[in-house]
Amino acid sequence: MIGITPVPAFSDNYLWVLHDDHHAAVIDPGDHRPVADFLAAHGLQLAAILCTHHHADHVGGVEALLAFAGPVPVFGPAAEAIPARTVAVREGDQVHIDALGLDFAVLEVPGHTAGHVAYWGQGLLFCGDTLFACGCGRLFEGTAAQMTASLSKLRALPAATRFYCAHEYTLSNIRFALAVEPDNAALQARQVRESGRRARGLPTLPATLADERDTNPFLRWDQPAVIAAASRHAGRPLTAPHAVFGALRAWKDDFR
Ligand SMILES: [Zn+2]
């Protein structure tokens, strides 16, 4: 039985730890301390580190965690500089974590960064800063067209896929999503549900891709209401998916 625990770090990061009773793998250890504390508290031996992209809040703790836990494989995108990486992964590669009996397919999802990857397997998706609950990552290194292609790839995974992103941004993302689609009943219901979770101090993650398809404007570039809102905001008619997506992303960047 695999547990998946969000270890909080910084102001709003989740460092996801996959574990059974003996072993653990961690996704994006931006800080080693909370992960080391979690491993020690539960008597877990680290078996692998998986990194999605090179930002410091995702990889800043890799080397110190290795110093604490001993050498383990460090998987990371081939196209980016990942500290202490031992296995450079590309689209179509498989990551096997023996100690936990887990397998993940590597998906290249550029946009937030140029070499960003996601890990998908066992109905789970670890997507770093590409897809957020009701939102998506900023375009720091890639183009709107790249990010649209990356999000299309994630949107096409099975609806029941549970995804684990790296930040708790859900409530502010929902506020923006409601500005785009004020009449989306599934989105209104999600706001009530997720607000309740946050009020009880619970994470809003994981979410399912089914939820995102119904409520996340950044996966809904082909919905008439989203196209109309993006066009209105941009002041010109938009049709191409990357144009609708790009207008939404620019709108969100300035949204308060
Ligand atoms: Zn990032």
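Since this is a predicted model, take the numbers as computed values, not measurements.

## As for the pairing of strand E1 (residues 3-9)
Move 1: Alignment of E1 against strand E2 (residues 13-19), held across 7 bridges, turns out to be antiparallel. Within E2, the residue paired with Pro 8 across the bridge is Tyr 14.
Move 2: Hairpin connection, E1 to E2: the antiparallel pair is bridged by 3 residues, and Phe 10 has positive phi, about 50°.

## What to know about the packing of helix H1 (residues 32-42) against helix H3 (residues 62-69)
Move 1: Look at H1 against H3: their axes get within 9 Å of each other, and the N-to-C directions meet at 25°. Here H1 lies roughly parallel to H3, going by the angle between them. For the crossing formed where H1 meets H3, the hand is right-handed. Together, His 32, Val 35, Ala 36 and Leu 39 of H1 and Ala 64, Leu 65, Phe 68 and Ala 69 of H3 make up the contact between the two elements.
Move 2: Taken together, the residues that form the contact of H1 with H3 break down as 7 nonpolar, 1 polar and no charged.

## Side note on helix H5 (residues 170-180)
Move 1: What H5 keeps buried is the set Thr 170, Asn 173, Ile 174, Ala 177 and Val 180. All buried residues of H5 lie within an arc of 110° about the axis, which places them on one face of the element.
Move 2: Residues of H5 that are buried sit in contact with strand E11 (131-132), strand E12 (135-136), helix H6 (185-199), helix H7 (209-215), helix H8 (224-234) and helix H9 (241-253).

## Observations concerning helix H4 (residues 144-155)
Move 1: Counted at 1.5 Å a residue, the expected span for H4 with its 12 residues is 16 Å, and the 16 Å between its end C-alpha atoms agrees.
Move 2: Burial in H4 covers these residues: Ala 144, Met 147, Thr 148, Ser 150, Leu 151 and Leu 154. Take H4 and look down its axis: the buried residues cluster within an arc of 165°, on one side only.
Move 3: Those residues of H4 that are buried lie in contact with strand E9 (117-121), strand E10 (124-128), E11, E12 and H9.

## Overview of the environment of Leu 65
Move 1: As for its placement among the helices and strands, Leu 65 is situated in helix H3.
Move 2: Judged by the 24 C-beta atoms lying within 10 Å of it, Leu 65 is buried.
Move 3: Placed 44 residues apart in sequence, Leu 65 and Val 109 show a C-alpha to C-alpha distance of 26 Å.
Move 4: The residues contacting Leu 65, other than those within four sequence positions of it, are Pro 29, His 32, Val 35, Ala 36 and Ile 49.

Reading guide: rules and limits
- Residues numbered from 1 in each chain as written.
- Predicted model: local features only at pLDDT ≥ 70, side-chain atom pairs only at ≥ 80, totals over all residues.
- Pairing = 2+ DSSP bridges.
- Helix = DSSP H or I, 4+ residues; strand = E, 2+ residues; numbered from the N terminus.
- Axes fitted to C-alpha atoms, helices over the stretch in contact; angles between N-to-C directions.
- Parallel < 35°, antiparallel > 145°, perpendicular 65-115°, else oblique.
- Left-handed = near helix turned anticlockwise from the far one by under 90°.
- Contact = placed C-beta atoms within 7 Å.
- Nonpolar A, V, L, I, M, F, W, Y, C, P; charged D, E, K, R; others polar.
- Buried ≥ 20, exposed ≤ 12 C-beta atoms within 10 Å, placed from the backbone.
- Arc of directions from axis to C-beta.
- Expected span 1.5 Å × (residues − 1).

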